[in-house]
Amino acid sequence: MKKTFNINEKGYYGEFGGAYIPEMLYPNVEELRQNYLKIMADASFQEEFHALLKDYVGRPSPLYFAKRLSEKYNTKIYLKREDLNHTGAHKVNNTIGQILMAQRLGKTRVIAETGAGQHGVATATVCALMGIECIVYMGEIDIARQAPNVARMKMLGAKVVPATSGSKTLKDATNEAIRDWINNPVDTHYIIGSVVGPHPYPDMVARFQAVVSEEIKKQLLEKEGTENPNYLIACVGGGSNAAGTYYHYLDNEDVKIIAVEAAGKGVDSGESAATSVLGKEGIIHGSKTLLMQTKDGQITEPYSISAGLDYPGVGPMHAHLYKTKRAEFIAITDDGAMKAGMQLSKLEGIIPAIETSHALAIFEHKTFEPNDIVVVNLSGRGDKDLQNYIEYFNL
Ligand SMILES: *Cc1c(COP(=O)(O)O)cnc(C)c1O
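Source: prediction; values computed, not measured.

Enquirer: Which residues make up the overall build of the chain, and what values do they have?
Expert: Scanning the chain from terminus to terminus reveals 16 helices and 14 strands. For 395 residues, the compact-globule estimate of 2.2 N^0.38 gives 21 Å, and the C-alpha radius of gyration of the chain, at 19 Å, lies within 12% of that figure. At a minimum sequence separation of 6, the contacts of the chain that also span at least 24 residues come to 73%. Accessible surface computed for the chain: about 16,100 Å², of which carbon and sulfur atoms make up 51%. Mean positive and mean negative side-chain charge positions of the chain (41 and 47 charges, respectively) differ by 1 Å.

Enquirer: Mind laying out the site of the ligand, listing which residues take part and the relevant values?
Expert: Taken together, 15 residues lie around the ligand, and Lys91, Ser194, Gly237, Gly239 and Ser240 are the ones closest in. Within the backbone of Gly238, one N or O atom sits 3.2 Å away from an oxygen atom of the ligand. Computed on the free molecule, the ligand has an accessible area of 380 Å², of which 97% lies beneath the protein chains in the complex.

Enquirer: Could you give me a rundown of the pattern of salt bridges, with the residues and numbers involved?
Expert: What the rule picks out here adds up to 23 salt bridges. The partner of Glu253 in a salt bridge is Lys3, with the nearest N and O atoms 3.6 Å apart. In this pair, Glu253 sits in the loop between helix H11 (240–246) and strand E10 (256–264) while Lys3 sits in the segment before strand E1 (12–13), placing the two residues 250 residues apart along the sequence. Taking the relative accessible area as the measure of exposure, Glu253 reaches 46% and is therefore partly exposed. With its nearest N and O atoms 2.8 Å apart, the salt bridge here joins Asp180 to Arg109. One end of the pair, Asp180, is in helix H8 (residues 170–183); the other, Arg109, is in strand E5 (residues 109–114), and 71 residues separate them in sequence. Side by side, Asp180 and Arg109 carry an identical accessibility label, which is buried. Overlapping salt bridges, with partners in common, bring together Arg59, Lys80, Glu82 and Glu215 in one network.

Enquirer: Quick rundown of the sheet that holds strand E4 (residues 76–80)? Include the residues and the values.
Expert: One open sheet holds the 6 strands; their spatial order is E3-E4-E14-E9-E10-E13, and the pairing between them is mixed. For this open sheet the edge positions go to strand E3 (63–65) and strand E13 (327–333), each flanked by a neighbour on one side alone. Averaged over all neighbouring strand pairs, the angle between strand axes comes to 25 degrees, with direction disregarded. The pairing of strand E9 (residues 231–235) with strand E14 (residues 373–377) spans 3 bridges and is classified as parallel. By the bridge assignment for E14, Tyr231 is matched with Val374. Contacts between helix H10 (residues 211–224) and the sheet are confined to E3, E4, E9 and E14, with E4 contributing the most and set at about 140 degrees to the helix. Helix-sheet contacts for helix H14 (residues 334–348) involve E3, E4, E10 and E13, and the interaxial angle to E13 is about 90 degrees.

Enquirer: Could you give me a rundown of the packing of helix H2 (residues 43–57) against helix H4 (residues 91–104), with the residues and numbers involved?
Expert: Contact geometry of H2 with H4 gives a least axis separation of 10 Å together with a crossing angle of 140 degrees. Considering the angle they form, H2 stands oblique to H4. Relative to H4, the crossing made by H2 is right-handed. Seen from H2, the contacting residues are Ser44, Phe45, Glu48, Phe49, Leu52, Leu53, Tyr56 and Val57; seen from H4, they are Val92, Asn93, Ile96, Gly97, Leu100, Met101, Gln103 and Arg104.

Enquirer: Summarise the state of the cysteines; cite the residues concerned and give the values.
Expert: Each disulfide consists of one covalent bond between the sulfur atoms belonging to two cysteines. The final tally for this structure, using the stated rule, is 0 disulfides. In this model Cys127 remains outside any disulfide bridge; the closest cysteine sulfur is found in Cys134, 3.8 Å from its own. With relative accessibility at 2%, the residue Cys127 sits in the buried group.

Enquirer: Tell me about the packing of aromatic side chains, and name the residues and values.
Expert: Counting across every chain of the model gives 12 aromatic pairs. The interplanar angle of 55 degrees and the centroid separation of 5.3 Å between the aromatic rings of Phe65 and Tyr78 together place this pair among those described as tilted. Of this pair, Phe65 sits in strand E3 while Tyr78 is found in strand E4, placing the two residues 13 residues apart along the sequence. A relative accessible area of 4% means that Tyr78 is categorised as buried. A network of ring pairs unites the aromatic residues Tyr73, Tyr231, Phe363 and Phe368 as a single cluster. We note Lys217 situated over the ring of Tyr249; from NZ or CZ to the ring centre the distance is 5.3 Å. Geometry around Phe5 places Arg326 over its ring, the cationic atom sitting 5.8 Å from the centre.

What counts, and where the lines are drawn
- Residues numbered from 1 in each chain as written.
- Predicted model: local features only at pLDDT ≥ 70, side-chain atom pairs only at ≥ 80, totals over all residues.
- Heavy atoms only, no water.
- Helix = DSSP H or I, 4+ residues; strand = E, 2+ residues; numbered from the N terminus.
- Rg over C-alpha atoms; globule rule 2.2 N^0.38 Å.
- Contact = heavy atoms within 4.5 Å.
- Areas by Shrake-Rupley, 256 points an atom, 1.4 Å probe, with all protein chains shown as cover.
- Lys, Arg positive; Asp, Glu negative; His and termini not counted.
- Charge placed at Lys NZ, Arg CZ, Asp CG, Glu CD.
- Near = heavy atom within 4 Å.
- Polar contact = N/O pair within 3.5 Å; in protein donor to acceptor, adjacent residues only side chain to side chain.
- Salt bridge = Lys/Arg side-chain N within 4 Å of Asp/Glu carboxyl O.
- Buried < 20%, exposed > 50% of the residue type's maximum accessible area, 1.4 Å probe, protein only.
- Pairing = 2+ DSSP bridges.
- Axes fitted to C-alpha atoms, helices over the stretch in contact; angles between N-to-C directions.
- Parallel < 35°, antiparallel > 145°, perpendicular 65-115°, else oblique.
- Left-handed = near helix turned anticlockwise from the far one by under 90°.
- Disulfide = S-S within 2.5 Å.
- Phe/Tyr/Trp six-rings, centres within 6.5 Å; stacked < 30°, edge-to-face > 60°.
- Lys NZ or Arg CZ within 6 Å of the ring centre and 35° of its normal.

Quick look at the structure:
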């Protein structure tokens with residue numbers, strides 16, 4: 001059998017993945033598992049998915065040769081412009097796919113969890129597009145911290161429900177969403193926002209995001225005469241923009257993969273989200289993966305200046321890429337990311353999301369050859385992070 005870094009029939013990437021769920025959730029997840037590949041393979045599904053990606057999201061996103069950045073680091077740097085998508089990041093690729101999935105499954109109600117609010121906004125957007133009821137669970141503390149995104153969701157017609165238990169943040173919102181799904185198994189679809197959760201979510205989300213690497217192949221062939229870059233680089237929170245960037249290259253080991261995590265105030269500072277380095281095997285949100293935990297297995301609170309990378313686990317695909325050394329994992333601090341974000345703004349006229357700034361900081365940490373083709377996924381735009389940039393740089 002050919003060696004593959006992709007998922008197997010049982011829903012595992014190597015030893016990671018699976019569906020570790022309470023019995024009460026089994027019917028919902030099983031319905032999805034039995035149907036998702038069939039539905040996605042359907043020609044009418046593909047047609048509708050790609051038509052919306054084109055006319056609503058604005059795909060294909062450009063693959064832009066960053067001339068001044070390339071000169072500065074003496075290598076060939078291309079930026080995959082997911083920041084130009086409608087709603088400003090890659091997340092909408094997944095929510096478009098999942099809203100069509102929900103419709104094909106006959107669902108009339110959608111729920112989602114959100115931390116910083118980006119996935120909540122992407123979900124509320126597609127629910128408005130389709131006229132489907134939308135409930136977004138969000139920690140009470142996050143609601144206070146992320147007022148603009150709460151307002152966006154409300155304008156888009158979603159109901160934002162505060163999670164008031166535990167730490168009142170993302171993991172508590174996830175618990176509330178799961179409780180809702182258990183209580184509403186027939187009419188409701190749960191849109192998970194990254195390549196996390198029980199099988200089939202990591203695979204389904206990766207397949208929706210795979211449009212990113214599908215386009216990179218075509219665009220590089222046009223620009224460089226080869227489909228294959230030397231390096232692919234993406235930031236990793238749960239891992240969905242990275243999974244999309246790597247997807248069609250996973251089994252092509254000539255293409256080197258770099259995953260960038262958030263080191264927060266430093267990997268050993270106790271305030272970090274460098275999951276692969278600090279994480280141990282465990283189960284989080286229904287999947288076996290690497291996660292940050294105490295000695296007795298309690299999940300620890302992650303920290304990063306970037307809300308989108310602030311997740312204590314990592315998708316099972318990435319745990320596998322780390323364990324097998326197929327990908328090189330690098331952790332970038334808040335300071336490193338903020339500087340890289342400022343630099344891209346000045347050199348290329350592109351203000352990146354702070355999540356993305358972590359990936360861009362790679363060039364201060366690793367030297368590439370002048371002839372290397374390096375593709376960085378520019379996962380999102382920085383408008384949402386302006387307040388953070390203002391405070392950090394005293395603008
Ligand atoms: C949410 C987000 C991320 C992190 O999520 P992944 O699932 O790891 O991609 C990265 N970049 C941006 C711009 C985001 O909004």
